[in-house]
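Observations on the model geometry
As a plain string of letters, each chain reads:
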Amino acid sequence: MKKSLLYICLAVFAVNAGCNDKDFLNVAPSNVLQNDQLWNDEGLILSVLADLYDRYPDRQTDANATGIPSMVTQTIDNWGEFARFDEAFASENGQYWRHSTTEYDYVFPGMIARNTGEITYWDYAYIRELNIFIDKCGSSTKLKADVKNRFIAEARYLRAVVYFEEVKRVGGVPLVLKPMEYNYEGDPAYLQQPRAKESEIYDFVISEMDTVKKYLPVSPISKTRATVGLALATKVRAALYAGAIAKYGVTTPQVTLPGGEVGIPASAANGYYTTALKAAQELISSGTYSLYKKNSDNLTQNFISLFIDKGSNPEVIFAKDFKLQSGRVQPWTLWSQPRSNAEEQQGGRLNPSLNLVQSFELLDNTFAPLPTNAAGGGYVYYNDPLDLFANRDPRLAATVILPGAEFKDKKVDIWAGYMFKDGKIVTGDNFGAKGKLEPNGLDVQVVGYDGPVNNLEFSAQSGFIIRKYMDPTVGSGRIGTQSEVWWIRYRYGEVLLNAAEAAFELGQRDVAAGYMNQVRERAGFKIPLTAADITFDRIVHERKVELAFEGHEFWDMKRWRLAHKVWNGVKTNLTTQPGKSDESSTRVFALWPYKVYDPGSPNNGKYVFKQVLPGAVTSAHLFRLGNYYAAIGDDIRNNNPKIVKNPNQ
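In this numbering scheme, every chain counts its residues from 1 along its sequence in written order. For this predicted model, a pLDDT threshold of at least 70 governs which residues receive local features, and a threshold of 80 or more governs which side-chain atom pairs are given and counted, while totals over whole chains, interfaces and linings are taken from all residues. The side-chain figures draw on all heavy atoms in the structure; neither hydrogens nor water molecules are used.

Focus on the overall build of the protein
Helices and strands together make up the secondary structure of the protein, namely 21 helices and 14 strands. A globule of 649 residues ought to have a C-alpha radius of gyration of about 26 Å, and the protein, at 27 Å, matches this closely. Across its three principal directions, the C-alpha atoms of the protein cover 100 × 55 × 50 Å. Looking at the protein as a whole, 57% of its 649 residues qualify as buried. Residues are treated as being in contact if the distance between any of their heavy atoms lies within 4.5 Å. Across the protein, the fraction of contacts at a sequence separation of at least 24, relative to all contacts at a separation of at least 6, is 69%. Numbering of helices and strands runs from the N terminus; a helix is a DSSP stretch of H or I covering at least four residues, while a strand is a stretch of E covering at least two. Here the radius of gyration uses the C-alpha set of atoms, whereas the globule reference equals 2.2 Å times the residue count to the power 0.38. Type-normalised accessible area, obtained with a 1.4 Å probe on protein chains alone, sets the label of each residue: buried when under 20%, exposed when over 50%, and partly exposed for intermediate values.

Written as structure tokens, this is what we have:
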């Protein structure tokens, strides 16, 4: 429902104050809701609450339409943001800028050359509406107590989430918990508030979760409204973020402000980690949620189904839902479906990087680059391109469509051309292009119908296509239909990894191993990790592969203060140590399969692989110290001189 609470309240105020005629005031309006009508009607209040939920701050907004700075985030309806750094390549002409310029601006962590992709967030209009809702709903005299308490708790949950999203981006912000009114006397100074400390905002979010969970339902049936489980999961995530900033912030002392608006004292780290672990253990021990294991006989399919199964999914805690033929659908599959079996002339946009693909370890718990080159030189030959990825973490094939894999019951057609014995390559410049392998030979297909073709948009330029969240149902790749697959904001698998990280940071490595092994066992690993195996590198790696394309990488790199080390602006080669957390990864690499053309040789018709740097990747990503916190706009600081500027900007 798109009717805004603000407009409802303005209408009510207009009726109450718009006329001095006493007789007119005695006539009840027929088309405007009065305060007592709105705030004493459970159905009307629920409709307002639904609008507030709909504006949960992972949605994209249009600054031109709303006047509010846009907040572009990594979600299922915004594929391009997943190609922001090293997780994927953006195979679309209009998105190549992500790989061709270097520095990120302080307000716009989209490249400087493009004023898009804001990561700042400062939405006090939304906070005001939430404050009004909490105040007005609390004054209702006709709602049942349990209904009123739940409505208020849900609004307080949403308000806390707004502050969580703001503090993640800009650090401490003014903490406004009551609707503020301007008295029209000319001096707005009494409305101006300074920024709270970063720690105070995190403390507020954590405290609010303790309060609201008392009034929220325990049942896990609801996946789109706040529950006790969601409050606990949010508390865990917020406390973990604060703990990491406190601990790892000491490595970047330049990224602080003397008033604490940015930066959290290192002495607070253990307290936050303890809070995170206790909240995670409360949620885990409740038994309300569990890991998804409906397809335990097929581990790859099980992980695929986790993200698209909306029927009694025990892992999902909170999701943004979509519904066919309702006006609320999402285009994730339309945008990135393999072109070889696309339902429209659309697809191929989001190409997972070789950087990510090689991060999925072998099933013996070891890390190793993909074996494309023989020990004595030359290529390794494969009968089937999928053989290259054998004995790897099954989550790889569930996250990435690999060459030779299937989507919608049809094999994708990813290969870059024919390679001759002498290294000569015959290829084409379009999907499924044809050419001659012999001077007088017949024309034959010389490149896959999915590519890759260098600089051909919508082709699989990294050699891979996204699979996570892809909808296999008929119609999901059509413009007029699209998909109803949901976007999962919180799930139990993340809670286990959050618990593992908090336990590790508290020196409880055996506890951390137990939680991490639950996630890895579901993935398909047979050899449990021991306490000695749990290192910071392991924590970073497990989140990278389990949570890929779920919107966590950027925030994890920031809170661990790894972003400026990993995205350091240096044109480094692809790392040979994918399990090392601080290895530089500034450019998106690709892996292209070729068919061997060597008639009479046992290798004829087999596949070899070449590491490639896509042509659009011309620069190395540089994350500056000033990018750890987004800039607060000049307009905001001009209107409120008490707002101090963020550091290094």
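Let's talk about the sheet that holds strand β14 (residues 607-612)
To summarise the sheet geometry, strands pair through backbone hydrogen bonds and adopt either a parallel or an antiparallel arrangement. Spatially, β8-β7-β13-β14 is the arrangement adopted by the 4 strands of the open sheet, whose pairing is mixed. Strands at the two margins of the open sheet, each flanked by one partner only, are β8 (425-426) and β14. For two strands to be treated as a pair, DSSP must find no fewer than two bridges joining them. Both strand β7 (residues 418-420) and β8 contribute to a ladder of 2 bridges, which runs antiparallel. By the bridge assignment for β8, Y418 is matched with V426.

With respect to the packing of aromatic side chains
Here a ring pair, both rings aromatic, is described through the centre-centre distance and the interplanar angle of the planes. Only rings of Phe, Tyr and Trp enter the pairing, Trp through its six-membered ring, and a pair is recorded when the two centres are within 6.5 Å. The plane angle decides the type: under 30 degrees is stacked, over 60 is edge-to-face, the rest tilted. Summed over the entire model, instances satisfying the criterion amount to 30 aromatic pairs. Aromatic side chains W39 and F133 sit 5.6 Å apart centroid to centroid with 75 degrees between the ring planes, which places their arrangement in the edge-to-face category. Placement of W39 in the loop between α3 (35-38) and α4 (42-54) and of F133 in helix α7 (residues 124-138) is noted, with a sequence separation of 94 residues between them. Considered together, W39 and F133 belong to a single accessibility category, that of buried residues. Ring centres of W415 and Y418 lie 5.4 Å apart, and the angle between their planes is 80 degrees; on these two criteria the pair is classed as edge-to-face. The burial state of W415 is the same as that of Y418; both residues are buried. Counting every residue linked through ring pairs, the aromatic cluster contains F82, F303, F307, W332, Y469, W487 and F549. Ring-over charges, as used throughout, are those where CZ of Arg or NZ of Lys falls within 6 Å of the ring centre and within 35 degrees of the ring normal. The residue whose ring lies beneath R489 is Y56, and the NZ or CZ to ring-centre distance is 4.0 Å.

A few points about the pairing of strand β12 (residues 487-491)
In terms of residue burial, β12 counts as a mostly covered element, since 5 of its 5 residues are buried. In this sheet, β12 lies alongside strand β2 (residues 316-320) in antiparallel orientation, the contact comprising 4 bridges. Along β12, the bridge assignment pairs K320 with W487.

Some remarks on helix α8 (residues 145-170)
Multiplying 1.5 Å by the helix residue count minus one yields the expected span of that helix. Taking 1.5 Å of rise per residue, 26 residues should cover 38 Å, and α8 covers 37 Å from first to last C-alpha, within 8% of that figure. Where burial is concerned, most of α8 is hidden: 21 out of the 26 residues are buried. Note on α8: the residue one or two positions beyond its end, G171, has a positive phi of about 90 degrees.

Looking at the packing of α4 against α7
Interhelical geometry of α4 versus α7 gives an angle of 155 degrees and a closest axis separation of 11 Å. In terms of orientation, α4 lies roughly antiparallel with respect to α7. Between α4 and α7 lies a crossing of left-handed hand. Where α4 abuts α7, its residues I45, V48, L49 and L52 lie against Y126, E129, L130, F133 and C137. A per-class count over the contact of α4 with α7 returns 8 nonpolar, no polar and 1 charged. Angular values range over 0 to 180 degrees, each being the angle between N-to-C directions of two axes fitted as lines to C-alpha atoms, with helices fitted over their stretch in contact. Comment on the angle field: the value is read as roughly parallel under 35 degrees, roughly antiparallel over 145, roughly perpendicular from 65 to 115, and oblique elsewhere. Crossing handedness is defined as follows: a turn of the near helix away from the far one that is anticlockwise and smaller than a right angle gives a left-handed crossing, while the clockwise case is right-handed. Put simply, Ala, Val, Leu, Ile, Met, Phe, Trp, Tyr, Cys and Pro go in the nonpolar bin, Asp, Glu, Lys and Arg in the charged bin, and everything else, Gly too, in the polar bin.

Overview of the pattern of salt bridges
Each salt bridge in this description consists of a side-chain nitrogen of Lys or Arg and a carboxyl oxygen of Asp or Glu lying within 4 Å of one another. Enumeration over the complete set of coordinates arrives at 43 salt bridges. When the shortest N-O distance is used, the salt bridge between E494 and R237 registers 2.7 Å. With E494 in helix α16 (residues 492-505) and R237 in helix α10 (residues 228-248), this pair connects stretches of sequence that are 257 residues apart. Assessed through its relative accessible area of 3%, E494 is described here as buried. One salt bridge connects K580 with D582, and the closest N-O pair in it is separated by 2.8 Å. For K580, a relative accessible area of 33% gives the class partly exposed. Linked through salt bridges whose partners overlap, the residues forming this network are E315, E361, D393, R395, K468, R491, R520, R522, R538, E542, E546 and E550.

What about α7?
The terminal C-alpha atoms of α7, which comprises 15 residues, lie 21 Å apart, in line with the 21 Å expected from a rise of 1.5 Å per residue. For α7, the full list of buried residues reads Y124, Y126, I127, E129, L130, N131, I132, F133, I134 and C137.

Let's talk about the nonpolar core
The biggest cluster of nonpolar side chains holds 114 residues, and the ones touching the most others in it are F133, Y157, Y163, Y202, Y490 and W560. In terms of residue count, α10 provides more of this core than any other element does, 15 residues in total. Among all residues touching Y490, those that are not within four sequence positions of it are Y56, Y157, F164, L230, A233, T234, R237, V316, I317 and F318. Among the buried residues, those of types Ala, Val, Leu, Ile, Met, Phe, Trp, Tyr and Cys that are joined through side-chain atoms within 4.5 Å form a nonpolar core.

So, the packing of α8 against helix α9 (residues 198-212)
It is at 9 Å that the axes of α8 and α9 come closest, and there the two elements cross at 155 degrees. Taken together, the axis directions place α8 and α9 in an arrangement best described as roughly antiparallel. Both α8 and α9 take part in a crossing whose hand is left-handed. Listed contacts from α9 to A153, R156, Y157, R159, A160, Y163, F164, V167 and K168 of α8 are E198, I201, Y202, F204, V205, E208, M209, T211 and V212. Of the residues belonging to the contact of α8 with α9, the class tally is 12 nonpolar, 1 polar and 5 charged.

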